Amino acid sequence: MENYQLWISGVYLFMSILALVNALCLDFLRKRIKGELYIFNIFILLFFILIFGFRDLEIGTDTWLYDWQYTNPEKVEYGFDFLMPYINKCLYLVSNNSTVFFLFMAFTFMVTFSLALKSLSNYYQANWFLVCFSLFSFYFFYSLGTNIIRQGTALGFLMLAIVNYALNPGNKKLVFFFAICSLGIHSTLIVAVFIFLLSILLRRINLIYFYLTYLLVIVAAALNIGIMQLEPIIGLLLVDDRRSSYLTNESVVYTVGFRPTFVLFNTFFLVIFMFIYRTLKEKSEPYKLIFIYYILTSVFFFFTFQIPYSDRWGVISWVCIPFLMAPLFSEKNAFRLATAGVATLFVIYVFFQFYLVSGN
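Residues numbered from 1 in each chain as written. Predicted model: local features only at pLDDT ≥ 70, side-chain atom pairs only at ≥ 80, totals over all residues. Heavy atoms only, no water.

Time to look at the overall build of the chain. A tally of regular secondary structure across the chain gives 17 helices and zero strands. The 360 residues of the chain split such that 55% are buried. Long-range contacts, defined as pairs at least 24 residues apart, comprise 80% of the intrachain contacts of the chain with a sequence gap of at least 6. (Helix = DSSP H or I, 4+ residues; strand = E, 2+ residues; numbered from the N terminus. Buried < 20%, exposed > 50% of the residue type's maximum accessible area, 1.4 Å probe, protein only. Contact = heavy atoms within 4.5 Å.)

The interhelical angle for the contact between helix 10 (residues 190-202) and helix 14 (residues 284-303), taken along N-to-C directions, is 130°, at an axis separation of 9 Å. In terms of axis orientation, helix 10 runs oblique to helix 14. Viewed along their axes, helix 10 and helix 14 form a crossing whose handedness is right-handed. Contacts between helix 10 and helix 14 involve Val191, Ala192, Ile195, Phe196, Leu198, Ser199, Ile200 and Leu202 on the former and, on the latter, Leu289, Ile292, Tyr293, Leu296, Thr297 and Phe300. Of the residues in the contact of helix 10 with helix 14, the class split is 12 nonpolar, two polar and no charged. (Axes fitted to C-alpha atoms, helices over the stretch in contact; angles between N-to-C directions. Parallel < 35°, antiparallel > 145°, perpendicular 65-115°, else oblique. Left-handed = near helix turned anticlockwise from the far one by under 90°. Nonpolar A, V, L, I, M, F, W, Y, C, P; charged D, E, K, R; others polar.)

A few words on the nonpolar core. Nonpolar side chains in soluble globular proteins tend to be buried together. In this structure, Phe48, Phe136, Phe291 and Phe329 are the most contacted members of the largest nonpolar core, which totals 125 residues. Ignoring anything within four residues of it in the chain, the contact list for Phe136 reads Tyr12, Met15, Ile44, Leu45, Phe48, Met110, Phe141, Tyr142 and Tyr349. (Core = buried A, V, L, I, M, F, W, Y, C linked by side-chain atoms within 4.5 Å.)

It is worth spelling out the pattern of salt bridges at this point. Evaluated as defined, the whole model comprises three salt bridges. Put simply, Asp81 and Arg150 hold a salt bridge, and the shortest N to O gap is 3.1 Å. Pair noted here: Asp81 is in the loop between helix 3 (63-71) and helix 4 (83-92) and Arg150 is in helix 8 (residues 149-167), with a separation of 69 residues, a long-range link. Comparing Asp81 with Arg150 shows no difference in burial state: the two are buried. For Arg204, the salt bridge identified is with Glu285, shortest N-O distance 3.6 Å. In this pair, Arg204 is assigned in the loop between helix 10 and helix 11 (207-222) and Glu285 in helix 14, connecting sequence segments 81 residues apart. According to the relative accessible area criterion, Glu285 is partly exposed, its value standing at 42%. (Salt bridge = Lys/Arg side-chain N within 4 Å of Asp/Glu carboxyl O.)

From the geometry alone we can't say anything about function, so treat these as descriptive.
Laid out in structure tokens, this is it:
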């Protein structure tokens, strides 16, 4: 698709203007704009489905691989990603053109994240448009929609599982269904599912212990202590031979070792979420569960600095950011920081656009 990035930047700029107006209404009028923005949000979701689905093969480093896998099913072994063969067989009944696959994955990716964000937005009476805007402001969203679309779709199902459990712990069957869908699409998310279960078990513990663990792991990562020392344990969770390269530090194109920029990025939002959690006077238990998951996935992320493509592990923590920012955009909270939140998100988007351009 021609002018792919231009279309995305143009739509994002328009969203930013609407987000700013809506945030100002929340902060100063204590009301949210309804109706029109809800409809506009649907159009934005449709836009991303179409632009991700109809993208050219040159867009995204792995797009060509997805195309080859879809058009050569007899040569592909999906291992423990047990849902993928069935998905491809069903889609193949429609067309053997890989665009069908990209459209289906983009649709599922956008719908799962949108439903999860909508559920949490309703719980906190937050503005769904602004919560979605926070997701669209991060570079990882566009990477999940193109380069690693299967991981993005699997993470969408996982976030549905996490949000549904946080809001309704009794609905375990639905949570189990979403978790199985996640693993069936991308089995390496068994690590994220394990951390989710661990978060449930540890949710009654005071957060101060998680903060201390977070700091200690940063020190350990700086001393080059990480996943390579835990390989015998982590290897049990990555039993798929196709992902054996995930536990090696051999790479000629990717920097391995301590990544202070990633640590600063995760810590910046950690501080924001600490403030939000301490300010919440009610409905804090669901927030705490997702917050603990964010901290533990960040801890695991820091441990992966020793191996290439550690950002593919980092994204399992980053996808929590829009969810944990939701209370900032509630008309019932006392923050009055929606405008500051939108401005921060806009700066982050612009920064990463320039960062990526300069990197190229």
